[in-house]
Every structure is written in C-alpha cells, then in structure tokens.
Amino acid sequence: MLLQRLVEYADTSEDVIPAFYARKPVRWSLEIDGNGVPRGDLVSTADKDDPQRRFGVQRLVPAVVKTSGISPALAVDNGEYVFGWLSEGAKPERVAKQRDAFCALITEWAAAEPDGPGPAIAAFYRDGHAGKLQPPADWSRGDLIGFWVDGVYAADTGAARRFWAGVAGDRKSSGRSGLCLVCGQVQPLLKTVPQQIPRRWVPGATQNASLVSMNKAVHGYELQEQLTNTPICAGCGLKFMTALAGLLSDPLHSTALSGQNARLAWWVLGGSTFEPWATVEQLDPAQIQSLIAGPASGEEAAVEDLSRYCSVTVGGNVARVVVRDWIEQPIRQVKENIRAWFEDHRIVDAWTGEVVEIKVSQLARAAGRFEAGRNGGPGTWTNFGASGEHRPPDLFHRLLRAALLKRPLPPKLLNHVINRIRIDGRLDAARAALIRLALRRHPNLPEHERERLTPTLNVEHKQKPAYVSGRIFAVMDDLQRTVFRVADQKLNTTFAERYFGRAIDNPQVVIVSGRRNVQAWLKRLRGPLHRPNWSDAYERRLDDLFVQLDAIPGGAVLTDKAQFILGYHQQRAAMRAERLAAAANKKKTDLPPEPDDLAPTTDDEGDDA
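Numbering of residues begins from 1 in every chain and follows the order in which that chain's sequence is written. Reporting in this predicted model follows two pLDDT cut-offs: at least 70 for local features of residues, and 80 or more for side-chain atom pairs to be given and counted; totals over whole chains, interfaces and linings ignore these cut-offs and use all residues. Computation of side-chain values covers all heavy atoms of the structure but excludes hydrogens and water.

Draft legend 1. How the structure looks around the sheet that holds strand S12 (residues 263–269). In this description, strands pair whenever DSSP reports at least two bridges between them. For helices the rule is a DSSP run of H or I covering at least 4 residues; for strands it is a run of E covering at least 2, with both sets numbered from the N terminus onward. Across the sheet, which stays open at both edges, the four strands sit in the order S10-S13-S12-S11 with mixed pairing between neighbours. In this open sheet, the two strands that pair with only one neighbour each are strand S10 (205–210) and strand S11 (254–255). Pairing of S12 with strand S13 (residues 308–330) involves seven bridges; the strand directions are antiparallel. Following the sheet pairing, tryptophan 266 is matched in S13 by serine 311.

Draft legend 2. A look at the packing of helix H18 (residues 507–526) against helix H19 (residues 532–546). Angles shown run from 0 to 180 degrees and are taken between the N-to-C directions of axes, each axis being a line fitted to C-alpha atoms and, for helices, limited to the stretch in contact. Contact pair H18 / H19: the axes reach a minimum separation of 8 Å and the direction vectors enclose 155°. Looking at the two axes, H18 sits roughly antiparallel to H19. In this structure, H18 crosses over H19, and the sense of that crossing is left-handed. Taking contact as the criterion, the partners of Ile511, Arg515, Val518, Leu522, Leu525 and Arg526 in H18 are, on H19, Pro532, Trp534, Ser535, Tyr538, Glu539, Leu542 and Phe546. Basically, the charged four are Asp, Glu, Lys and Arg, the nonpolar ten are Ala, Val, Leu, Ile, Met, Phe, Trp, Tyr, Cys and Pro, and anything else, Gly included, counts as polar. In terms of residue class, the contact of H18 with H19 is built from nine nonpolar, one polar and three charged. Here is the rule for angles: anything less than 35 degrees is roughly parallel, anything more than 145 is roughly antiparallel, 65 through 115 is roughly perpendicular, and the remaining ranges are oblique. Two helices cross in a left-handed way if the nearer one is turned anticlockwise from the farther one by less than a right angle. They cross in a right-handed way if the turn is clockwise. Working rule for contacts: check all heavy atoms of both residues, and any pair within 4.5 Å makes them a contact.

Draft legend 3. Molecular detail of the confidence of the model for the protein chain. Values of pLDDT, ranging from 0 to 100, describe the predictor's confidence in every residue of the model. Taken over all residues, the pLDDT of the protein chain has a mean of 85, while the share at 70 or more is 90%. Confidence, expressed as mean pLDDT per element, reaches its minimum in the protein chain at strand S19 (residues 607–608) with 42 and its maximum at strand S14 (residues 347–348) with 96. Contacts for the low-pLDDT stretch residues 596–609, under 50 throughout, to residues beyond four places or in other chains number 36 contacts.

Draft legend 4. Summary view of the nonpolar core. Of all hydrophobic cores here, the largest spans 87 residues; its most connected members are Trp341, Leu399, Ile435, Ile472, Phe473 and Phe500. When neighbours within four sequence positions are excluded, isoleucine 472 is seen to be in contact with Ile511, Leu542, Leu545, Phe546 and Leu549. Here, nonpolar core refers to any group of buried Ala, Val, Leu, Ile, Met, Phe, Trp, Tyr and Cys residues whose side-chain atoms link them within 4.5 Å. We call a residue buried when its accessible area falls under 20% of the maximum for its residue type, exposed when it is over 50%, and partly exposed in between, using a 1.4 Å probe and counting protein chains only. Judged by nonpolar contacts, the second largest core, of 47 residues, contains Trp85, Ile106, Ala120 and Val149.

Draft legend 5. Here's a closer look at the pattern of salt bridges. By definition here, a salt bridge exists when the distance from a side-chain nitrogen of Lys or Arg to a carboxyl oxygen of Asp or Glu is within 4 Å. Within the structure shown, the criterion is met by 34 salt bridges. Notably, a salt bridge pairs glutamate 539 with arginine 526, separated by 3.8 Å at the nearest N-O pair. Within this pair, whereas glutamate 539 is found in helix H19, its partner arginine 526 is found in helix H18, the two being separated by 13 residues in sequence. Among the residues examined, glutamate 539 registers a relative accessible area of 28% and is labelled partly exposed. Classification of arginine 526 by relative accessible area gives partly exposed; the value is 38%.

Draft legend 6. Region of the structure containing helix H16 (residues 465–486). Take the residue count of a helix, subtract one, and multiply by 1.5 Å to get its expected span. For H16, with 22 residues, the first-to-last C-alpha span of 32 Å sits near the 32 Å given by 1.5 Å per residue. Counted residue by residue, H16 has 18 buried out of 22 residues, so it is predominantly covered. Positive backbone phi, approximately 55°, marks aspartate 488, located one or two places after H16.

Draft legend 7. View of the side chain of glutamine 571. Looking at the element boundaries, glutamine 571 is found in helix H20 (residues 558–583). For glutamine 571, a relative accessible area of 5% translates into the label buried. With near-sequence residues (within four places) excluded, glutamine 571 lies in contact with Leu457, Arg471, Ala474 and Val475.

Draft legend 8. Representation of the packing of aromatic side chains within the structure. Pairing of aromatic rings covers Phe, Tyr and the six-membered ring of Trp, with a centre-to-centre limit of 6.5 Å; geometry is then stacked below 30 degrees between planes, edge-to-face above 60, and tilted otherwise. Scanning the model with the defined rule gives 19 aromatic pairs in all. For the pair tyrosine 9 and tryptophan 267, a centre-to-centre distance of 6.2 Å together with 50° between the ring planes defines the contact as tilted. A residue pair is termed long-range when its members are at least 10 positions apart, and tyrosine 9 in helix H1 (residues 2–12) and tryptophan 267 in strand S12 qualify at 258 residues. Geometrically, the ring pair formed by phenylalanine 370 and tryptophan 381 is edge-to-face, given 4.8 Å between the ring centres and 75° between the ring planes. Taken together, the residues phenylalanine 370 in strand S16 (residues 370–371) and tryptophan 381 in strand S17 (residues 380–381) connect sequence positions eleven residues apart. Assessed through its relative accessible area of 2%, tryptophan 381 is described here as buried.

Draft legend 9. Representation of the environment of alanine 159. Residue position: alanine 159 is located in helix H5 (residues 158–172). Under the relative-accessibility criterion, alanine 159 is labelled buried at 8%. Here the alpha-carbon distance between alanine 159 and tryptophan 109, two residues 50 residues apart in the chain, equals 8.5 Å. In this structure, alanine 159 is in contact with Trp109, Glu113, Gly116 and Pro117, ignoring residues within four places of it in sequence.

Draft legend 10. Region of interest: the side chain of serine 311. Mapped onto the secondary structure, serine 311 falls in strand S13. If we ignore the near neighbours within four places in the chain, the residues touching serine 311 are Ala265, Trp266, Trp267, Asp325, Trp326 and Ile327.

Structure, rendered in structure tokens:
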C-alpha cells in the first residue's frame, strides 16, 4: 500500500522530480552555441557566502545508483567523465574509458533526438573543443559540470528526459517481464531499485539508502538476489522512489528533529487542500477556528470524503531505508483527530490568562531538561539530541501521530513530565498542556471525569482532592510573595521553589506544615504591614478551598500528582487573570495588585514553579 500511494502521489503531483533525476549542486557550467563552439571558459556557480550555493546551484541532474562499473550521466557529470581530467589517485586507463563512455552516450543521444541539444554537444567533442579546456585551479573530482546550449540547460530538456529514461531503465532492467506488485500490470521488471534516497534525508543512514534491496542471496527469499521475488516494474520503481525522495526533501511535506532518529513525510491524495502538519505546528488562529467550526457550520467540503492523508516515518541503517511507521486515513477523520487534539491539550497561559494551543515541537521540547540561565538570566530547554537532554526517544513523532491520528501517547510520558517538573522546578503552559493531555487521554479515565479537566480553572472540580490541594498550594505561594513584596524584603526562595517537588509527591505534609507559615503571613499583613483587607481576602480563599477537602491527600498516585500540578497551574493563571482584569477596570478583585516588573524571563520557555 505504501508503494501504491507513493505512485499515486507521483501521478497527481506537479512537484515530483522526473524519473531517474535528482537535485544536486552543479558547480561548473559550460556555455556552447548550436554548433558546439564554446562561448567562454567554465563558469563557477558556487558562492561560499550563500549556504544554498556553497557547492554550486541546485539543478535537476540525470541520476541512477552507480555501481563500481563505468556509467556516465547525460550532459552533466564530473570532470573525469566530461573531459577526462585526472585527479589525484585516479587511474588514467579508467578515466579514459569514462570519457569515451560519456562521449558515446552523447553521440547516441544526438542520433536519437536530433532536434534537442545533443547534436551541439556531440559537435563540441567531434571538433576537438573539449581538449582545449583546462581544469580550473579550484576544480575537484566531485564537482559536477553541466552543458548549456544557446542559454538552455541541456540535461533538463524534454529531449534529455526522454532519452535518459530509456538509458537508465535499460541499466536497471532485469530483462524479463511479469506481474508488478504495485500496479498489478504485466510490465518489464526491474533488477534493482533505480534510485536511492540521499543520506541527509534519512536519519541514521551512513550512505545513500535504498527502500527495497537484496544484495546478498542470504537476504532474499529462496536465496535469490536483487528483486527476483519482489517484482516491481520500471515505471512504478521510478515513481515511488522519486516521490519519496521529493517528499523527504520538501520542508512543506516532511519534518525531523535532531536526535529523534526519524524523519516523517506526509502527503494528501484526492484533491483536498487541507494541510494537517501546518494546522498543528504553525497554529494559524484563523485556520484553527475554521477547523473547529467546520462541523457546526456545515462547510466541510465534499472533496474531504474522497481525500486521504498518508504519512510514512523512516529511519536509516547504513544503506537501507527503515520504515518505522506507515499511516493512511481519510482526511475527514484526520480533521476530527486534530479537533480532539486541540480540545485535549489547550491550556490557559499563566501570564496572559488566555487559552492557548501549543505546537507539537514545543510540547516535545518542553518534555526535555530545562537549563537555568546564569546569574538570573533566561533559561532554555536542552536541545534535541544534546547530551543529557533527558527527552523520550522519538517523542516528537509520537506526539505528532497522537495529534493527527489519535494514536495513544507514550505510556511513560506522564510520569516523565512530572519528574522533569519536580527536578527542574519549572512549569509553563507547554508542560501544563502535556499534563492535561495525558490526563484526558488516560485509558482508565471515565468520560465524566475527562469533561472536568477544562483548559482553565474549574471551581466545580471538587471531587479530586489533589486538584484542590494544588489550588491551595498556589494561593499559599501567592500570599508569601505578597507579604515580602509589601514588606519590601528580598525573597531568595519562594514557598513554591522550596516545596513544590515535595508537594507533588505528598501534598498533605507540605500543606499541613505550610498552614503554620500561612498564619504568620496573615498576621504580618493585618498588623505591621497594615493590609487587613488583603489578609481577609487570602483567608477567605483558603477557607473556601479547605472546606472542599474531607482530607488532604497523602502519598499520591501518578494521576493525583498530575491533578495537583494542573490545579496549581490553573489557580495561578486565574489569580493573575483576575488582577489583569481589575487593572483594566473590567472586574473588581480583593487580591492585592501584582507589580509591573513581574514578567516571564523566557519566550516560550516557561516560568518558575
């Protein structure tokens, strides 16, 4: 099915690279006229200051997997094939054969396609112009040299594509016909897959990689090498390899993060213009709103019913493509999955008070270790693939599958995130979103409990003592900050910074002991600090919360730990939103105002717990 869907994509997409072609940097260009006369020397297209042109301009180049034998490309190749130039360590006899093979191929092309650029290049060799050109001083053996005839890049003309398809097909043909497993038609069959995927697009590969290959008899069924027992016709082999290579190299159709050891590519068949990846990663508010409102508005296009979302996740092992995952789903179902994804993870931001959606890559980033900034400076998440990142392997792609396909979350994700929050003392919207997501998708959670896990503070969520305990802890921390702020005293370590990790594991111990501190803080507000109204406000809030508890939970199970963190985060966000509304004269509050200098220290990085 994977190969069939790639072939279908190749047949319907305008972005697929032509058969037996690849995009490679062509370092040198040689301009000749229609009679084969050069219009100057070789011209370098490289620009060391431009990362995209460091080794030359990227162009479509005739390409097949080269073996140890001599196999020239058409109208563009390295200096050994095009001019017979000798590089250090090259064998003169072999280089001479390479040049002769290149010239012979040009002669055949000129005869087969007399209206193309082939005759001009053949005249260039026949009239001896090739022997007059000397290697540039900075020429190297791997540099590609391409011909231009009257301003046209010869290797990518219609005449070149037609002729090259026949030549490359003959090189890879098995010489027999049979039933193709992909298209189901009787066609000439391939001996080997005609192209490889460049290793830079296949994480883990150390060489250019093949999707299907049996190089040794021991690898094949009935000890048969090559594609003897995997019949694939030339047309299908060309299409699925060029399609896969194009998808993996296209940033609009694939993604990979350092250290995640996989690359995911996706495409849509059937005419739909919906882009699942952009929806969950770029977070366009208008697009999200349209997606969520789609079913209610009745604007879902009929084409969505006929369109399918396809994705493949690949890794590499030396020179082999390893298919880690293959998915095909109707677009309408993918849209439903993404709606559920947003509903399950969206969370209130503790600084802005707004409900936000989080990019998949940011969720994966926030699951790693947080590195505090030096001397109070901004901190950051450890980079993907860095030493000590402490991030679950393949997390990004597993979260992406959970978003697009509603696949289960990694079983240990919730425990991992809680441990990172405890160790780092760091909680932000992304980590809170992961906590809420893991809770709402917990396999043993009843539906009525799932509905209580709202993005913002749920004051009716009284059935979970751990959630209420988290809210109490947040009010206690806020009270301490207020007391020290009013007293104009420097607070080296807040209540949350000191006890948050312990409170996650055992709220009872921390809250019971913390009540003694609360009484002292309230007494200071009423007495020396002359803020009796603020003291009464905090006392009322704490009393309202404590009355909801029959007993403060002791040693917590995993889901109770998550409930505590969620309650703490949402209570903090609710108090800050209340203050912001009061400052804008939109709402009255009995809480003391928050100082203007209290602001997050990082962008998208979180705030101290």
